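Topology and contacts: notes
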Amino acid sequence: MNGHVIQLVLIAFIIKSVVSLKLLIVFPAGARSHYNLGNALGKGLANLGHEVTLVAPFSEPNPPKNFKEIVFEDVLKKYIDADKSLNLFDASHVSPFLYLFILNYFSSLMMEGFFKANETQDLLRSNETYDVVIVEQFLSDSLHALAEHFNAKLVVFSTVGSNTWTNNLVANPSPLSYVPDIFLGFSSDMTLLQRAYNLLFSIVAQLNLHFIAYPKQADLVRKYIPNAPDFTKIHYNVSLILLNSHESISQPVPYVPNMISIGGYHVNPPKQLPKDLQEFMDESKEGVIYFSMGSNLKPSQLPNRTKEIILKVLGSRKERVLWKWDEDQLKDQPRNVKISKWFPQQGILAHPNCKLFISHGGFLSTIETVTMGVPILALPVFGDQRLNAARAVALGFGNSLSFVTLSEEEFSSKLEELISNPKYRENVKLRSELIRDRPMKPIELADYWIRYVVKYNGAPHLRVAGINLPFYQYWLLDVIAVYLGGFILMMYLLKTLYRYMSKSNKQGKLSKKKKQ
Ligand SMILES: *[C@@H]1O[C@H](CO)[C@@H](O)[C@H](O)[C@H]1NC(C)=O
């Protein structure tokens, strides 16, 4: 055998001898974008040799081998479909404070639905064991009990990078002076008023978590996994947090050692476009504007005035437009606009003729457009979309507009600026380079760390001590109390001493007088 063959045989042997793990991945949220992340994680890890079971309310048409799905019915969808008048664009008016409580409500509906589903009950009653349980973090902390139930290591996946929900689990420091809450839409550079707002909002968010959301999750565990240990014991027993974020687009923030950024892992090398689309894009000599509000928002529900403005402006452009539209017809459809209920987004963004992405500013869309190097015009609506849009503006690869106050002049001039001024494309190209410049592919990074926590029995050595401290110790409230107490005591003593001295002084003077 020559050296080359020996090398190949050795490599094959090494690959074979790498253990494959049994992974249970649970993504309960009934939102396509969340499922897409769970699906990409599951498929990516299955392709790396693991035996994956994905539990989610959607299913995969072409599952690879080692990839099993448990599909349960999404109760939220039933609820939302029943309400024909529901318009997600209305959510843009909701105050972030109210948003917290709306999320509580929906997440408890979602989690009740998950635990009640026959599929979940069958899974819980099965005698399966897994090496690792990976759960999506979306006010779904009760899922942490599954790791204990299946005798597995617990890995938490955050769809939006680090935030209050994930930081609490591993005691990750997140200074309020420069890390805005994701629902506020502030950038890292906050004014005094914004920082004050950030503090107030964070206090309310923490109170909500500790006094409403976590107790609700504990109830769910008691109800559906009755022999689980006390919730506080399992809740914080997190071995690893996988973050769907990366410094190339997310604000750089501190991470404790068991938080790993794998943002961008769901983006694949673009596949061949369908023939008609390929031709449409190839032939668009002036370029293509791609317009999509993501998988949840229905553009037909945009305010009429906004729709009219958009159609008028897009119809007057020399570029061709692809608009992801949720109905069969688009009234007054301009000749240069092509609609469809679904587009292969990554493939379109990767086409050299794609000039601009008009988007709701969702996080996945932002990651994809950055990876493919296309500037973005964001029309954010709710959740983290405002924050993503603010970052696109701050990093100079996009612009942001309100779909509510949109005017023809503003829309038209921002569109023109983004397409004709090369600085946006240059900035996004830099970000694209940054997100690709990693020591290993992000899915391989996830694989490495998952194996790592199994190898070192949950890797307790990565956990910071802060996770074991009670609240008052973590924030040094006891130390502050000691200093404050000491200070008050000292003032009291000084005052008493002063009184005593001035009294004896007076008496001294008096007695002196008497003697005279
Ligand atoms: C916490 O996690 C470790 C490592 O996975 C495990 O050995 C331990 O039993 C878990 N503790 C509880 C209370 O679940």
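What you are looking at is a predicted structure, and each value in this text was computed from that prediction instead of being measured. Numbers given for residues are sequential positions, taken from 1 along each chain in its written order. Predicted model: local features are reported for residues with pLDDT of at least 70 only, side-chain atom pairs are reported and counted for 80 or more only, and whole-chain, interface and lining totals are derived from all residues. Heavy atoms from the whole structure form the basis of all side-chain values; hydrogens and water molecules are not counted.

Turning our attention to the overall build of the protein. Under the scheme used here, helices are H or I runs from DSSP no shorter than 4 residues and strands are E runs no shorter than 2 residues, and both carry numbers assigned from the N terminus. Within the protein one finds 19 helices and 13 strands. Projected onto the principal axes, the alpha-carbon positions of the protein cover approximately 115 × 65 × 55 Å. Classification of the 516 residues of the protein by burial places 50% in the buried group. In what follows, a contact means two residues having at least one pair of non-hydrogen atoms within 4.5 Å. Counting contacts in the protein only where the partners sit at least 6 residues apart, residues at least 24 apart contribute 66% of the total. If you sum the accessible surface of the protein, you get close to 26500 Å²; carbon and sulfur atoms cover 59% of it. His is not counted here, nor are the chain ends, while Lys and Arg score as positive and Asp and Glu score as negative. Charge coordinates come from a single atom per side chain, which is NZ of Lys, CZ of Arg, CG of Asp or CD of Glu. In the protein, which carries 55 positive and 45 negative side-chain charges, the distance between the mean positions of the two groups comes to 12 Å. Type-normalised accessible area, obtained with a 1.4 Å probe on protein chains alone, sets the label of each residue: buried when under 20%, exposed when over 50%, and partly exposed for intermediate values. Note on areas: Shrake-Rupley with a 1.4 Å probe; residue coverage comes only from the protein chains shown.

Let's shift gears to unusual backbone geometry. Located in the positive-phi region is Asn151, a residue other than glycine, with phi close to 60°. As for its placement among the helices and strands, Asn151 is situated in the loop between α6 (144-149) and β5 (153-158). The exposure class assigned to Asn151 is exposed, which follows from its relative accessible area of 64%. At Ala171, a residue that is not glycine, the phi angle is positive and equals roughly 55°. Tracing the sequence through the fold places Ala171 in the loop between α7 (164-170) and α8 (192-224).

Okay, the environment of Glu286 next. Within the secondary structure, Glu286 sits in the loop between α10 (275-282) and β8 (288-292). In the structure, Glu286 is positioned 68 residues away from Cys354 in sequence and 9.6 Å away in space, judged by C-alpha atoms. Those residues in contact with Glu286, other than ones at most four positions away along the chain, are Lys318, Glu319 and Lys355.

Attention now goes to the side chain of Lys324. Structurally, Lys324 is set in strand β9 (residues 320-324). Just to be clear on terms, a salt bridge is a Lys or Arg side-chain nitrogen sitting within 4 Å of an Asp or Glu carboxyl oxygen. The charged side chain of Lys324 is buried without a salt bridge, its nearest counter-charge being Asp326 at 7.3 Å. Polar contacts, as used here, are pairs of N or O atoms within 3.5 Å; protein pairs need one atom able to donate a hydrogen and one able to accept it. Residues neighboring in sequence count only if both atoms are side-chain atoms. Polar contacts involving the side chain of Lys324 include one to the main-chain carbonyl oxygen of Gly294, which spans 3.0 Å. In this view, Lys324 contacts Phe291, Ser292, Gly294, Ser295, Pro299, Ser340, Lys341 and Phe343; residues no more than four positions away in its chain are not counted.

Attention shifts here to a nonpolar patch on the surface. A grouping of Leu469, Phe471, Tyr472, Tyr474, Trp475, Leu476, Leu477, Val479, Ile480 and Tyr483 is seen on the molecular surface, where their side chains present a nonpolar patch of about 1000 Å² in accessible area. For the nonpolar patch, the secondary structure elements donating two or more residues are α18 (471-474) and α19 (477-515). The element that contributes the greatest number of residues to the nonpolar patch is α19, accounting for four residues. Residue classification places Tyr483 among the exposed positions, given a relative accessible area of 64%. Here a patch means residues that are over 30% exposed by relative accessible area and free of salt bridges, tied together within 9 Å if like-charged and within 5 Å if nonpolar (Val, Leu, Ile, Met, Phe, Trp, Tyr).

Moving on to the packing of helix α11 (residues 304-315) against helix α15 (residues 408-420). Two elements in contact, α11 and α15, have axes whose closest approach is 10 Å; the angle formed by their N-to-C orientations is 40°. Judged by the angle between their axes, α11 and α15 are oblique. Judged by the twist between their axes, the crossing of α11 over α15 is right-handed. Between α11, through Ile309, Ile310, Lys312, Val313 and Leu314, and α15, the contact on the second element is made entirely by Glu408, Phe411, Ser412 and Leu415. When residues are sorted by character, Ala, Val, Leu, Ile, Met, Phe, Trp, Tyr, Cys and Pro go into the nonpolar class, Asp, Glu, Lys and Arg into the charged class, and all the rest, Gly among them, into the polar class. Within the contact of α11 with α15, the residues separate by chemical class into six nonpolar, one polar and two charged. Convention adopted: a line fitted to C-alpha atoms gives each axis, helices being fitted over their contacting stretch, and angles between N-to-C directions are expressed from 0 to 180 degrees. Roughly parallel here means an angle under 35 degrees, roughly antiparallel means over 145, roughly perpendicular means 65 to 115, and every remaining angle is called oblique. By definition, any crossing whose near helix is turned counterclockwise from its far helix by less than a right angle is left-handed, and any crossing with a clockwise turn is right-handed.

A few words now on α11. The span one expects for a helix is its residue count, reduced by one, times 1.5 Å. Given a rise of 1.5 Å per residue, twelve residues ought to cover 16 Å, and the 16 Å separating the end C-alpha atoms of α11 matches this to within 8%. Turning to α11, its buried residues number three or more, namely Thr306, Lys307, Ile309, Ile310, Leu311, Val313 and Leu314. On its buried side, α11 packs onto β8, β9, β11 (354-359) and α15.

What follows is about the UniProt feature "transmembrane region" (unreviewed entry) in the protein. UniProt positions are given in the numbering used here, feature names are shortened, and annotations may be inferred rather than shown by experiment. This chain's UniProt record puts "transmembrane region" (unreviewed entry) on residues 6-27 and 472-494. The span residues 472-494 is 91% helix and 0% strand, and its two end C-alpha atoms sit 30 Å from each other.

Taken as a class, soluble globular proteins show a tendency for nonpolar side chains to be buried jointly. Residues belong to one nonpolar core when they are buried, are Ala, Val, Leu, Ile, Met, Phe, Trp, Tyr or Cys, and are joined through side-chain atoms within 4.5 Å. Core analysis: the largest hydrophobic core is formed by 47 residues, its most contacted members being Ile358, Phe411 and Leu415. For this core, the secondary structure elements donating two or more residues are α4 (96-116), α8, β8, α11, β9, β11 and α15. Aside from chain neighbours lying at most four places away, what touches Leu415 is Ile289, Val313, Leu314, Arg317, Leu356, Ile358 and Leu377. Counting 40 residues, the second-largest nonpolar core is a separate cluster that includes Phe72, Leu124, Ala145 and Ile241.

Turning next to the environment of Pro180. As for its position among the elements, Pro180 is in the loop between α7 and α8. A C-alpha to C-alpha distance of 32 Å links Pro180 and Glu409, two positions 229 residues apart in sequence. With residues up to four places along the chain from it excluded, the contact list for Pro180 reads Phe186, Ser187, Ser188, Met190, Asn198 and Gln251.

Turning our attention to the packing of aromatic side chains. A pair of Phe, Tyr and Trp rings is counted when the ring centres sit within 6.5 Å of each other, with Trp represented by its six-membered ring. The angle between the planes then sorts it: under 30 degrees is stacked, over 60 is edge-to-face, the rest tilted. Taken as a whole and assessed by the stated rule, the structure comprises 23 aromatic pairs. Seen in terms of ring centroids, Tyr99 and Phe183 are 5.1 Å apart; in terms of plane orientation they differ by 55°. Their pairing is tilted. With a gap of 84 residues between them, Tyr99 in helix α4 and Phe183 in the loop between α7 and α8 connect regions that are remote in the sequence. Owing to a relative accessible area of 14%, Tyr99 belongs among the buried residues under this scheme. Aromatic side chains Tyr290 and Phe343 sit 6.0 Å apart centroid to centroid with 85° between the ring planes, which places their arrangement in the edge-to-face category. Of this pair, Tyr290 sits in strand β8 while Phe343 sits in the loop between β10 (337-340) and α12 (345-350); the two residues are 53 residues apart in sequence, bridging distant segments of the chain. Judged by its relative accessible area of 0%, Tyr290 falls in the buried class. Given the relative accessible area of 5%, Phe343 is considered buried.

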